[in-house]
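Residue-level listing of the chains:
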Amino acid sequence: MLVRLSSSAARGTIVFAALLLGVALSYASIRNARAEYQAGLDTLQGYRRATQLEPGNPRNWYLLGHYWQYNLEQPDTPRAIRAYQTSLSFDPRSANSWLALGTAYESEGDLAKTREFFLEAKRAYPLSAEVSWRYGNFLLRQGELDQAFGEIRRAVEADPKRGAEAFSRCWRADPNVEMILNRVLPPSRDVYLDVIRDLAADRKAEEALEVWSRLEALHPRLVLRDIFPLVDRLMESSQLTAAWRVWEQAARFAELPPLLDSPGSVVWDGSFESGVAGGGFAWSYPPAFESVQTRLDPREKHSGNESLRLQFDGKRNVNFENACVTALVQPSMTYRFSAWVRTKALTTDQGVRFSLRSAEFAGRRPLLTRDVRGSQPWTQIEAFWTAEKDERGVRICVSRSPSEKFDNEIQGTAWVDDVALIPATAGTTKP
């Protein structure tokens, strides 16, 4: 729509008004930018200046209150409370300001006002994970566990990353794992895994097993590395049977290729097909150790898709026993060990062999197989090993012992495949 102005005076008035509006907007914009800059300095002077430049901005008052509450050099809770109250006078729907005000009153010992303001925060933002979390923890501190557990559960449901910390805090209030699982943690794979990792790191293996039982009942899709912390903790504490049970259950939920293990073998993934390494009952090998490079090789294998390749660079007299796997065994049982090795231009009088050591008793003497050196086609290594009467685990490692010869810096390549440890039968002939 076109507006026709009747006189030049009217047109001048409109132009002048537009100029005034532009100036006002420019001034407001500049003032806002200056206030933002001052608040961004994170200093008392900056926060005060921001509230002077924009006295109606609730955020500036909130930041000033936060400074007074948490500044280590000159904390002043009463000033913080006044700043939060000013912020809320401009924005009474700010859950963060209500929470901050409640926390300030709690530090002053006024628990009635603390509860009142936490409830105001819930009314302002009832679906907030942070509000439920803060209020739930306040209730924990008051010993009101029933209501606290409900609030904390709502927080974890809204933000699953809080699961491990929720378990830890509720555990300190009441160390009843079943109750916490029933009332605090939602049945979630990611929540349970976080809690298991946290418990394993704290050496609470039995509690972690209880959480694992809940996770296992969900039949979740897993990556085996997710369960490394629990299985490794159980193995370190000599609970090998429990560790193997968890490992087998987890492997059923992982999308793994066929492993091609020898029938009856207690070595998991002896043919290096799974692509899993670094923990639990999987193979463990560093990509580089001193002068040895270790990796899977799809181009050279005895069977399946890959073998384990060790490349020696000829710069050191290597003492190597760093490609290993642990297997669960039966006490007093004799096993037939076998593996296939290929070598190419492997120098020195000490080649590649295998060591079988007790996974539980460091003082037991290891079994060392014969070694393979030079250039050899795929060659089978065999030996017999018997578990002690109270022994449940054996650690099998690819090994190279240091040479005592003058020419002792090993160079060349070795491949390992199809490692197996099978219970020996009465008719088995020892090599």
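Look above for the structure.
Remember, it's a predicted structure, so these values are computed and weren't measured experimentally.

**Student:** Would you explain the overall build of the protein in this entry?
**Tutor:** Check the secondary structure of the protein and you find 14 helices and ten strands. Here the protein has a C-alpha radius of gyration of 34 Å; the compact-globule value for 431 residues is 22 Å, and the former is much larger. Seen along its three principal axes, the alpha-carbon backbone of the protein occupies a region of about 115 × 60 × 50 Å. Across the 431 residues in the protein, those meeting the buried criterion constitute 46%. Nonlocal contacts in the protein, meaning residues at least 24 apart in sequence, comprise 65% of its contacts between residues at least 6 apart. Split by element, the accessible area of the protein, about 21,900 Å² in all, is 51% carbon and sulfur. The positive charge centre, built from 54 side chains, and the negative charge centre, built from 54, are 5 Å apart in the protein.

**Student:** Explanation requested: empty space enclosed by the protein in the structure shown.
**Tutor:** To locate leftover empty space, one rolls a probe as large as a water molecule over the atoms. On inspection of all chains with the given rule, the structure shows one cavity of 30 Å³ or more. A volume near 50 Å³ is recorded for the largest cavity.

**Student:** How do you make sense of the layout of surface pockets when you look at a structure like this?
**Tutor:** The computed volume of the largest pocket comes to approximately 210 Å³. As for the largest pocket, its lining consists of 13 residues, of which D232, M235, G280, T326 and R395 are closest to the centre. If you list the elements that add at least two residues to the lining of the largest pocket, you get α13 (228-236) and β4 (320-328). Counting residues per element, the lining of the largest pocket draws most heavily on α13, at three residues. Considered class by class, the residues forming the lining of the largest pocket number five nonpolar, five polar and three charged.

**Student:** What is the right way to look at the state of the cysteines in this model?
**Tutor:** In total, this model carries one disulfide according to the counting rule given. Through a disulfide, C324 is tied to C397; the S-S separation comes to 2.0 Å. Sign of the S-S torsion, about 110° for the bond between C324 and C397, identifies this disulfide as right-handed. Here the residue C324 occupies a position in strand β4, and C397 occupies one in strand β9 (residues 393-400), the gap between them amounting to 73 residues.

**Student:** What is the right way to look at the sheet that holds strand β7 (residues 367-368) in this model?
**Tutor:** Across a sheet, strands are paired by hydrogen bonds formed along the backbone, either parallel or antiparallel in direction. Pairing is antiparallel in the open sheet, where four strands are placed in the order β4-β9-β6-β7. Either end of the sheet is taken by a strand with one partner, and the two such strands are β4 and β7.

**Student:** Honestly, helix α8 (residues 145-158) in this entry has me stumped. Any pointers?
**Tutor:** Along an α-helix, residues three or four positions apart point the same way, because every turn accommodates 3.6 residues. The end-to-end C-alpha distance of α8 is 20 Å, a good match for the 20 Å that 14 residues give at a rise of 1.5 Å each. Listing the buried residues of α8 in full gives A148, F149, E151, I152, A155 and V156. Projection of α8 onto a plane perpendicular to its axis shows the buried side chains occupying an angular sector of 165°, all on one side. In this structure, the buried side of α8 is in contact with α6 (111-124), α7 (129-141), α9 (163-173), α10 (177-183) and α11 (189-201).

Conventions we followed
Each chain carries its own residue numbering, running from 1 in the written order of its sequence. Given that the model is predicted, a residue must reach a pLDDT of at least 70 before its local features are reported, and side-chain atom pairs must reach 80 or more before they are shown or counted; all residues, however, enter totals for whole chains, interfaces and linings. Just so you know, side-chain values use all the structure's heavy atoms and leave hydrogens and water out. Secondary structure elements follow DSSP: runs of H or I of four or more residues count as helices, runs of E of two or more count as strands, with numbering from the N terminus. In this setup the radius of gyration rests on C-alpha atoms only. A globule is expected at 2.2 Å times the number of residues raised to 0.38. When accessible area is computed with a 1.4 Å probe and restricted to protein chains, residues below 20% of their type maximum are described as buried, those above 50% as exposed, and intermediate ones as partly exposed. Should any heavy atoms of two residues lie within 4.5 Å, those residues are considered in contact. For accessible areas, the Shrake-Rupley method is used with a probe of radius 1.4 Å. Any residue's cover is judged against the shown protein chains and nothing else. In this charge count, Lys and Arg are treated as positive and Asp and Glu as negative; neither His nor the chain ends contribute. The atoms used to mark charge sites are NZ of Lys, CZ of Arg, CG of Asp and CD of Glu. Here a cavity means grid points, on a 1 Å grid over the protein atoms only, where a 1.4 Å probe fits yet cannot get out; a pocket means an open set of points with protein on both sides within 12 Å along at least five of seven lines; lining residues are those with an atom within 4 Å of a point. Grid points are joined across faces, edges and corners, and a volume is the space filled by probe spheres set on the points. Any residue that is not Ala, Val, Leu, Ile, Met, Phe, Trp, Tyr, Cys, Pro, Asp, Glu, Lys or Arg is counted as polar, Gly included; the first ten are nonpolar and the last four charged. Working definition: a disulfide is two cysteine sulfur atoms within 2.5 Å of each other. Strand pairing follows a simple DSSP-based rule, namely that at least 2 bridges must link the two strands. Working rule for helices: expected span equals 1.5 Å times residues minus one. The directions considered for the arc are those from the helix axis to the C-beta atoms.

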